[in-house]
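Notes for the structure review
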Number of protein chains: 4
Amino acid sequence: MRVGTLLRRLIAEGQVTDPDSPKGRLLGAAARLFRQKGYSRTTVRDLAAEVGILSGSIFHHFANKDEILFGVMIEVVTAMEEMLKVSLAEATTTREKVRVLIDNELLFIHGKTGDAAAVLIYEWRALSEERQRQVLERRDNYYRLWNECLQQAHDEGLITVDPDCLRQLLHGAIVWTVHWYEADGEMSLEQLGEQVLNMALKGEP
Amino acid sequence: MRVGTLLRRLIAEGQVTDPDSPKGRLLGAAARLFRQKGYSRTTVRDLAAEVGILSGSIFHHFANKDEILFGVMIEVVTAMEEMLKVSLAEATTTREKVRVLIDNELLFIHGKTGDAAAVLIYEWRALSEERQRQVLERRDNYYRLWNECLQQAHDEGLITVDPDCLRQLLHGAIVWTVHWYEADGEMSLEQLGEQVLNMALKGEP
Amino acid sequence: MRVGTLLRRLIAEGQVTDPDSPKGRLLGAAARLFRQKGYSRTTVRDLAAEVGILSGSIFHHFANKDEILFGVMIEVVTAMEEMLKVSLAEATTTREKVRVLIDNELLFIHGKTGDAAAVLIYEWRALSEERQRQVLERRDNYYRLWNECLQQAHDEGLITVDPDCLRQLLHGAIVWTVHWYEADGEMSLEQLGEQVLNMALKGEP
Amino acid sequence: MRVGTLLRRLIAEGQVTDPDSPKGRLLGAAARLFRQKGYSRTTVRDLAAEVGILSGSIFHHFANKDEILFGVMIEVVTAMEEMLKVSLAEATTTREKVRVLIDNELLFIHGKTGDAAAVLIYEWRALSEERQRQVLERRDNYYRLWNECLQQAHDEGLITVDPDCLRQLLHGAIVWTVHWYEADGEMSLEQLGEQVLNMALKGEP
DNA sequence: GATGAATGAGCTTTCATTCAT
DNA sequence: CATGAATGAAAGCTCATTCAT
């Protein structure tokens, strides 16, 4: 399944905001600016200017700035989890599943949702504690999917190191690609996924 | 050589500020607070309170807030580079050298300089562009050391993937440990280093 | 005559808005909220919410917020004056008339119109100057009725102090009951009226 | 004892702010403006302009606008209570004491503290609930002095009505003078006090 | 009539920075 | 060197009012 297809479903379910609605355009601009300049250096006036409205109008859609950050984060983490579930269900072997873990994350980081994903990772401390808890719930669900999968790989001898430790190391390696990988460079996203998979799995084919 | 020994040398050379001087205490507090709350959410008053002076007095030591952030970053990046140089010189085999790359970075992230290292990584966008350039120079020197070393490992067949790509993946994996590795947990820093090394090098123990 | 009877007449005459009409319900809610929270701390949205419409719709009934405050004030001051006229006409002796002055005011402050009466007294400065003038006219008519009556009482030797001064003192004493008198407490409104009358008239039972 | 003498003592004790200090000048201006335009229609910019500083500087002296209102109120209620205590101690007969109750209040309403006294009375709802409690404590102390005194007058047959009710009626009559009494008019403040005393006490001189 | 998104001026508050003492 | 009051620009947010639907 393609990400686009899933997003349409999530929009229909109300879990993700339609990017063509005023609120959705605001979230998109927020993701872009928060990533570019950081949350606290982005003013609501910047945000408003980006979507062509006035600063006061923002507060028709969000109660405060924190809620915008929350919106960006919760929607992308939701989409990541849902997409991962669907993709894992489509994979047959454990090896394929591990590949799915990696590719799914790379897809969200370097696809259209890249800004939101980067914000989710790098603006964590800027979110109010109460809302951190809500995002955390979702993120834990997502991590659980990783853990189950890597545990299975460990049981089958595909990997030898502690699955929990490996998850964190891989996650770090993938997340960091935000800073250097260029989608339109020499290496395709698939090749990058393969490199990471190689790092994850000892021996092979 | 221990980090402490090196730092004393760098202090003597004026490349790093004596942490017992007023300016040094300020930098230490800045590193801690910038990491904890983020640069823009840390006020100059917070900083002053942390070291027991009043906000106005800070500007006897630094021209502005940006210069404080710069101070934190430039000193840690300098120390990381210098320490890496020394440690690499002490290593004999290429394998050992790769290990040194990893351990050196882990040491800076989880040792006494951890706060500054985290700030270097996560507050990059907060630094003014002109000073970013200055830090970048140093960081490029540091990366060059990694590249040379990994290139050699590649030439010797220790690693098979593109050294540049591997460097970034490893760097990401190591940097991310900031978020999950606990120095006083079950796993020692050395064991962690070994895990990363295993991930880096195909084949043997 | 009862207040209710008079109000029906005033509604028929168009001097007071029917409290069951949308506009009337708005005025009632405004009186309540303006008294409770004060005019400037009551938002047009609060008002709309109270009567179950949306904020924009308010401006079909009133040109602006100031006009709502004016509506509350002018209607209650009108009713107070009209009611006082009727009641004075029904009184025979001067003593009875003074009693009517007092009771009429107490009735408006502690009856159904209490909120509006309190707003009239305590939100004076919030009203635009131009509209203050209009309310002032009515209020002066009302005061004239007091003055005439107290002057008569003075001429008859019922009171000895300056009628104008006495009017203000009594008015103050009555208005302040807003803050402490409880209609469902031990003292009936009539007993309260008697206490005030005693204060007003020297001498006899 | 004169009010000025008492205020000097209270300033020395730190219970009242020196009106010549920056903070004191701010409180004076706040009392004036809050009375004139109402608390919520007075902006901190108005306040700053009134004392010739910039709006930001206000927050060196007060944490927020609410604290300014609190400052105005708590200082005047404190002074009223302290002044009343001293004056009551100087009075010999009960009749004199009742006169002191009245005169003290008139003095605060029409003297230099008049603005603050008016704010205390008319901006009550604008104060945050937590701080209302603190002012309430002081005000209750003040009312207790009234009650004790009027109770004594009742025991001695000077007054016949319920002391508690009388206190409220008198208080209302006095407070309302804010709206009509002019210190530079025909009637002196002493004459006004006498009128109120006459209203309070049956029988006479 | 009612809606509700948008407006835009204006609010309180924050904060890096300055400077006379 | 340290102080701390003052600065002033800019922040997040509020809210009466408008208007196309």
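Just so it is clear, the model here is predicted, and its values are computed rather than measured.

Conventions adopted
Residues numbered from 1 in each chain as written. Chains lettered and ligands numbered in written order. Predicted model: local features only at pLDDT ≥ 70, side-chain atom pairs only at ≥ 80, totals over all residues. Heavy atoms only, no water. Axes fitted to C-alpha atoms, helices over the stretch in contact; angles between N-to-C directions. Helix = DSSP H or I, 4+ residues; strand = E, 2+ residues; numbered from the N terminus. Parallel < 35°, antiparallel > 145°, perpendicular 65-115°, else oblique. Left-handed = near helix turned anticlockwise from the far one by under 90°. Contact = heavy atoms within 4.5 Å. Nonpolar A, V, L, I, M, F, W, Y, C, P; charged D, E, K, R; others polar. Near = heavy atom within 4 Å. Polar contact = N/O pair within 3.5 Å; in protein donor to acceptor, adjacent residues only side chain to side chain. Least-squares fit on C-alpha atoms with pLDDT ≥ 70 in both. Buried area = accessible area lost by both parts, 1.4 Å probe. Salt bridge = Lys/Arg side-chain N within 4 Å of Asp/Glu carboxyl O.

All names here are of chain D. Two numbers describe how helix α5 (residues 94–110) lies on helix α8 (residues 163–176): the axes approach to 10 Å, and their chain directions differ by 30 degrees. Classed by the angle they form, the pair α5 and α8 counts as roughly parallel. Where α5 crosses over α8, the two elements pack in a sense that is right-handed. Mapping the contact onto sequence places I102, E105, L106 and I109 in α5 and H171, I174 and V175 in α8. Looking at the contact of α5 with α8, its residues break down into five nonpolar, one polar and one charged.

Okay, the protein's contact with DNA strand F next. Near DNA strand F, the surroundings consist of 29 residues, among which K65(A), L54(B), K65(C), L54(D) and H60(D) are the closest. Taking all atoms of DNA strand F within 4 Å of the protein, the share assigned to sugar and phosphate is 60%. Measuring from a base nitrogen of DNA strand F, one finds a side-chain N or O atom of H60(D) at 2.5 Å. When its residues are assigned to classes, the surface near DNA strand F shows eight nonpolar, 17 polar and four charged.

Turning our attention to the relation of the copies chain C and chain D. In this arrangement, two copies of a chain are superimposed by a rotation about an axis accompanied by a shift along the axis. Mapping chain C onto chain D calls for a screw motion: a turn of 180 degrees about the axis and a shift of 0.0 Å along it, with 0.1 Å RMSD after fitting. Such values leave the two copies arranged in the relation of a two-fold axis. Mapped onto chain D, 100% of the interface residues of chain C are again interface residues, and the two copies thus contact each other with one and the same surface.

The next point concerns the arrangement of the chains. With no contact between them, chain B and chain C keep their nearest C-alpha atoms 31 Å apart. A minimum C-alpha distance of 20 Å separates chain A and chain D, which share no contact.

What follows is about the interface of chain C and chain D. Each partner contributes residues to the interface: chain C has 36 residues there, and chain D has 36 residues. Looking only at chain C, the three residues that lose the most surface to chain D are R125(C), W176(C) and M199(C), adding up to 25% of its buried area. Here chain C is connected to chain D by two salt bridges. A salt bridge links E123(C) to R125(D); the nearest nitrogen and oxygen atoms lie 2.8 Å apart. Put simply, chain C and chain D have eleven residue pairs in polar contact (both at pLDDT 80 or more) between them. Of all elements in the fold, only α2 (22–37), α6 (114–122), α8 (163–180) and α9 (189–200) of chain C reach the threshold of two or more residues within the side of chain C that touches chain D. Of the residues forming the side of chain C that touches chain D, the biggest block, eleven residues, is contributed by α8(C). A breakdown of the residues in the side of chain C that touches chain D according to their chemical character gives 19 nonpolar, ten polar and seven charged.

Attention now goes to the packing of α2(C) against helix α4 (residues 65–90) of chain C. Residue and element names in this part refer to chain C. Between α2 and α4, whose axes approach to 9 Å, the crossing angle comes to 95 degrees. By the criterion of interaxial angle, the relationship of α2 to α4 is roughly perpendicular. Where α2 abuts α4, its residues L27, A30, A31 and F34 lie against I68, L69, G71, V72 and E75. The residue makeup of the contact of α2 with α4, split by class, is seven nonpolar, one polar and one charged.

Next up on the list: the protein's contact with DNA strand E. Every one of the 29 residues lining DNA strand E counts as a neighbour, but H60(A), H61(A), V44(B), L54(C) and R45(D) are closest to it. Atoms of DNA strand E within 4 Å of the protein: sugar and phosphate make up 57%, bases the balance. Within the side chain of R45(A), a nitrogen or oxygen atom sits 3.3 Å from a base oxygen of DNA strand E. Of the residues belonging to the surface near DNA strand E, the class tally is eight nonpolar, 17 polar and four charged.

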